[in-house]
Amino acid sequence: MAAAAPPLKDELDIVIPTIRNLDFLEMWRPFFQPYHLIIVQDGDPSKTIKVPDGFDYELYNRDDINKILGPRSSCISFKDSACRCFGYMVSKKKYIFTIDDDCFVANDPSGKQINALEQHIKNLLCPSTPLFFNTLYDPFREGADFVRGYPFSLREGVPTAVSHGLWLNIPDYDAPTQLVKPRERNSRYVDAVLTIPKGTLFPMCGMNLAFDRDLIGPAMYFGLMGDGQPIGRYDDMWAGWCIKVICDHLGLGVKTGLPYIWHSKASNPFVNLKKEYKGIFWQEEIIPFFQSATLSKDSTTVQKCYLELSKQVEEKLGKVDPYFVKLADAMETWIQAWDELNPTKAN
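These numbers were taken from a predicted model, which means no experiment stands behind them.

An account of the overall build of the protein is requested, with residue identities and associated values reported.
Helix and strand content of the protein: ten helices and nine strands. Relative to a compact globule of 347 residues, whose C-alpha radius of gyration would be 20 Å, the protein shows 20 Å and is just as compact. Here the protein, with 347 residues, has 52% of them falling under the buried criterion. Considering only residue pairs separated by 6 or more positions, the protein has 74% of its internal contacts joining residues 24 or more positions apart. Accessible surface, the protein: about 15,900 Å² in total, of which carbon and sulfur atoms supply 53%. One finds the centroid of the 38 positive side-chain charges in the protein at a distance of 2 Å from the centroid of its 44 negative side-chain charges.

I'd like a rundown of the nonpolar core, residues and numbers included.
Val162, Ile216, Met220, Tyr221, Trp238, Tyr306 and Trp334 are the most contacted members of the largest nonpolar core, which has 66 residues in total. Per element, the largest residue contribution to this core is ten residues, and it comes from helix α10 (residues 323–341). Here Ile216 is in contact with Ala161, Val162, Phe211, Ile243, Ile246, Cys247 and Val302, once residues within four sequence places are set aside. Core analysis: the second largest hydrophobic core is formed by 30 residues, Phe32, Ile99, Cys103 and Ile121 among them.

Before we move on, could you go through the layout of surface pockets and cite the residues and values that matter?
Looking at the largest pocket, its volume works out to about 1,100 Å³. The wall of the largest pocket is formed by 39 residues, among which Ser81, Asp100, Arg233, Ser267 and Asn272 lie closest to the centre. Put simply, the parts of the chain that give the lining of the largest pocket at least two residues each are β1 (12–18), α7 (235–250) and α8 (269–292). Considering every element that reaches the lining of the largest pocket, the biggest residue donor is α8, with six residues. Classifying every residue of the lining of the largest pocket gives 15 nonpolar, eight polar and 16 charged.

Before we move on, could you go through the side chain of Asp235 and cite the residues and values that matter?
Structurally, the position occupied by Asp235 is in helix α7. At 5.1 Å, Arg84 is the nearest oppositely charged side chain to Asp235, a buried residue that forms no salt bridge. Only 3.4 Å separates the side chain of Asp235 from the side chain of Ser81, close enough to count as a polar contact. Residues in contact with Asp235, not counting those within four places in the same chain, are Asp80, Ser81, Ala82, Tyr221, Phe222 and Met225.

An account of the packing of aromatic side chains is requested, with residue identities and associated values reported.
Inspection of the entire model under this criterion finds 22 aromatic pairs. Judged by centre distance (4.9 Å) and plane angle (80°), the ring pair of Tyr88 and Phe211 falls under edge-to-face. On the criterion of sequence distance, the pair formed by Tyr88 in helix α3 (residues 85–90) and Phe211 in strand β8 (residues 208–212) is long-range, its members being 123 residues apart. Grouping residues by exposure puts Tyr88 and Phe211 together as buried. For the pair Trp238 and Phe324, a centre-to-centre distance of 6.2 Å together with 35° between the ring planes defines the contact as tilted. Here Phe324 lies in helix α10 and Trp238 lies in helix α7, a separation of 86 residues in the sequence. Aromatic ring contacts, followed pair by pair, group Tyr234, Trp238, Trp241, Trp282, Phe289, Phe290, Tyr323 and Phe324 into a single cluster. Stacked on the ring of Phe152, the Lys or Arg Arg155 has its end atom at 3.7 Å from the ring centre.

Give a description of the environment of Pro203 that names residues and reports values.
Its location among the elements puts Pro203 in the loop between β7 (193–195) and β8. By relative accessible area, Pro203 is classed as exposed at 55%. Spatially, the C-alpha atom of Pro203 lies 10.0 Å from that of Asp172, the residues being 31 residues apart in sequence. Residues in contact with Pro203, not counting those within four places in the same chain, are His164 and Met237.

Go over α10, please, and point to the residues and values.
Look at α10: 27 Å from first C-alpha to last across 19 residues, which is about the 27 Å you get at 1.5 Å a residue. Turning to α10, its buried residues number three or more, namely Tyr323, Phe324, Leu327, Ala328, Ala330, Met331, Thr333, Trp334, Ile335, Ala337, Trp338 and Asp339. Buried residues along α10 sit in contact with α2 (62–69), α3, α6 (213–216), α7, α8 and α9 (302–316).

Give me a nonpolar patch on the surface: which residues, what numbers.
Side chains of Leu179, Val180, Phe270, Leu273 and Ile280 sit close together on the surface and give an oily, nonpolar patch of about 450 Å² of accessible area. Secondary structure elements with two or more residues in the nonpolar patch: α5 (175–180) and α8. A per-element tally of the nonpolar patch places α8 first, with three residues. Along the chain, Ile280 falls in helix α8.

A description of the environment of Phe324 should follow, citing residues and the corresponding values.
Residue classification places Phe324 among the buried positions, given a relative accessible area of 2%. With residues up to four places along the chain from it excluded, the contact list for Phe324 reads Trp238, Trp282, Ile286, Val313, Glu314, Leu317 and Gly318.

I'd like to hear about empty space enclosed by the protein, residue by residue, with values.
Following the criterion strictly, the structure yields four cavities of 30 Å³ or more and no others. Residue lining of the largest cavity: Met225, Ile231, Tyr234, Trp238, Trp241, Ile286, Tyr323, Phe324 and Leu327, and that is the complete set. At the level of elements, α7 and α10 are the ones that each hand at least two residues to the lining of the largest cavity. Sort the elements by how many residues they give to the lining of the largest cavity and α10 lands first, with three residues. When its residues are assigned to classes, the lining of the largest cavity shows nine nonpolar, no polar and no charged. Contributing to the lining of the second largest cavity are Thr129, Phe133, Asn134, Tyr137, Asp138, Val193, Leu194 and Thr195. Considered class by class, the residues forming the lining of the second largest cavity number four nonpolar, three polar and one charged.

Calculation criteria
Residues numbered from 1 in each chain as written. Predicted model: local features only at pLDDT ≥ 70, side-chain atom pairs only at ≥ 80, totals over all residues. Heavy atoms only, no water. Helix = DSSP H or I, 4+ residues; strand = E, 2+ residues; numbered from the N terminus. Rg over C-alpha atoms; globule rule 2.2 N^0.38 Å. Buried < 20%, exposed > 50% of the residue type's maximum accessible area, 1.4 Å probe, protein only. Contact = heavy atoms within 4.5 Å. Areas by Shrake-Rupley, 256 points an atom, 1.4 Å probe, with all protein chains shown as cover. Lys, Arg positive; Asp, Glu negative; His and termini not counted. Charge placed at Lys NZ, Arg CZ, Asp CG, Glu CD. Core = buried A, V, L, I, M, F, W, Y, C linked by side-chain atoms within 4.5 Å. 1 Å grid on protein atoms, 1.4 Å probe; cavity = no way out; pocket = protein on both sides within 12 Å on 5 of 7 lines; lining within 4 Å. Points joined across faces, edges and corners; volume = space filled by probe spheres on them. Nonpolar A, V, L, I, M, F, W, Y, C, P; charged D, E, K, R; others polar. Salt bridge = Lys/Arg side-chain N within 4 Å of Asp/Glu carboxyl O. Polar contact = N/O pair within 3.5 Å; in protein donor to acceptor, adjacent residues only side chain to side chain. Phe/Tyr/Trp six-rings, centres within 6.5 Å; stacked < 30°, edge-to-face > 60°. Lys NZ or Arg CZ within 6 Å of the ring centre and 35° of its normal. Expected span 1.5 Å × (residues − 1). Patch = residues over 30% accessible without salt bridge, like charges linked within 9 Å, V, L, I, M, F, W, Y side chains within 5 Å.

Pasting the structure below:
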């Protein structure tokens, strides 16, 4: 009997931001080789990045980004993994899985290797339940269902836009927590997938993340970070706050939990503190802003929602720091660039 074709083989791209040779792909070969990779090379474009043989990939460096986007390339961060969102923009597939190059294959408690991509696909292909919490977590998983008292009118759920995976070994901590707990490792494997309830924000991590590009792609902008910017390491979280407000408005779902990857190395907490320093206290203004953000009935598409949100960022967060005026402008530029490269999805 012929082996089953890998799920969504022709409908999913794997996006990897990197500054180094991609030896880590050898470990992922059994799971990733059937899929197309989009590699976004950060840093020096004259450096050659080696990709193991046998992978189908396209690679973009800073020169390519400048050539493709022209003046609009200013919205793509440099010297920061936020550059990965360029890969989301140039992809022509319905689904995206993005992973960092220090993330390895994890084992489940039985010792079996975890096919992270397969689990993300399962999460994306079945509905989310953001309107009413199910105490058995994901009711669509094998061996689970809606519990007694769950309204039948809500059991259809809503389309899933985002699947947010977790990490064993090095947890995704901020710099102050890293400094206080330098030896802490995550060994807890929780066999659960949850829908994040409507109206609840979460800190999205971009190192093990999948999403439906058709449903939420234009909002997956990782902001202005890194070189020349006053902040770093808030790229994925900024995108997470934006997509959550937009998903709640458009009736889409976000899941978190499985799959796990093995996060192999901790970044330097002192370097991280320099990057995060402003974000740590700006966050106290940013979170209430997103918690109270509402979008108008006219915002019926992701692009319209995102542009409306960018105006609110400029108006309200611009008072916190001029950086947010610049960021709001970059959010608009991002949508213009997205629509130019994706004309059929333009509005």
